[in-house]
Amino acid sequence: MKLATLAFLAFVAALALLILFIADREKEAGVERLSNYKIPPQAVLERNPDVNLVSTPNR
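Residues numbered from 1 in each chain as written. Predicted model: local features only at pLDDT ≥ 70, side-chain atom pairs only at ≥ 80, totals over all residues. Heavy atoms only, no water.

(A) Broad picture of the overall build of the protein chain. The secondary structure content of the protein chain amounts to one helix and zero strands. In the protein chain, which comprises 59 residues, the share counted as buried stands at 3%. Accessible area of the protein chain: about 6,400 Å², with a carbon and sulfur share of 65%. (Helix = DSSP H or I, 4+ residues; strand = E, 2+ residues; numbered from the N terminus. Buried < 20%, exposed > 50% of the residue type's maximum accessible area, 1.4 Å probe, protein only. Areas by Shrake-Rupley, 256 points an atom, 1.4 Å probe, with all protein chains shown as cover.)

(B) A look at a nonpolar patch on the surface. Judged by side-chain polarity, Leu6, Phe8, Leu9, Phe11, Val12, Leu15, Leu18, Ile19, Phe21 and Ile22 come together as a nonpolar surface patch covering roughly 990 Å² of accessible area. Within the secondary structure, Ile22 sits in helix H1 (residues 2-29). (Patch = residues over 30% accessible without salt bridge, like charges linked within 9 Å, V, L, I, M, F, W, Y side chains within 5 Å. Salt bridge = Lys/Arg side-chain N within 4 Å of Asp/Glu carboxyl O.)

(C) Main features of H1. Under the 1.5 Å per step criterion, the end-to-end length of H1 is 40 Å for 28 residues, consistent within 8% with the ideal 40 Å. Trailing H1 by a residue or two, Gly30 shows a phi angle of about 75°, which is positive. (Expected span 1.5 Å × (residues − 1).)

Shown next as structure tokens:
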């Protein structure tokens, strides 16, 4: 019973450490929340007319 309690407390402590570590990294980066990052859209590549998609039947 004591081993299960100690394991649970170790898990909670590790979880708290992880949360505090992430919060510290966000603070150092000057970001309010990492989840608010927006990834810029990738440039749309121009389609080569000589290339056919694999799923497109050749007729």
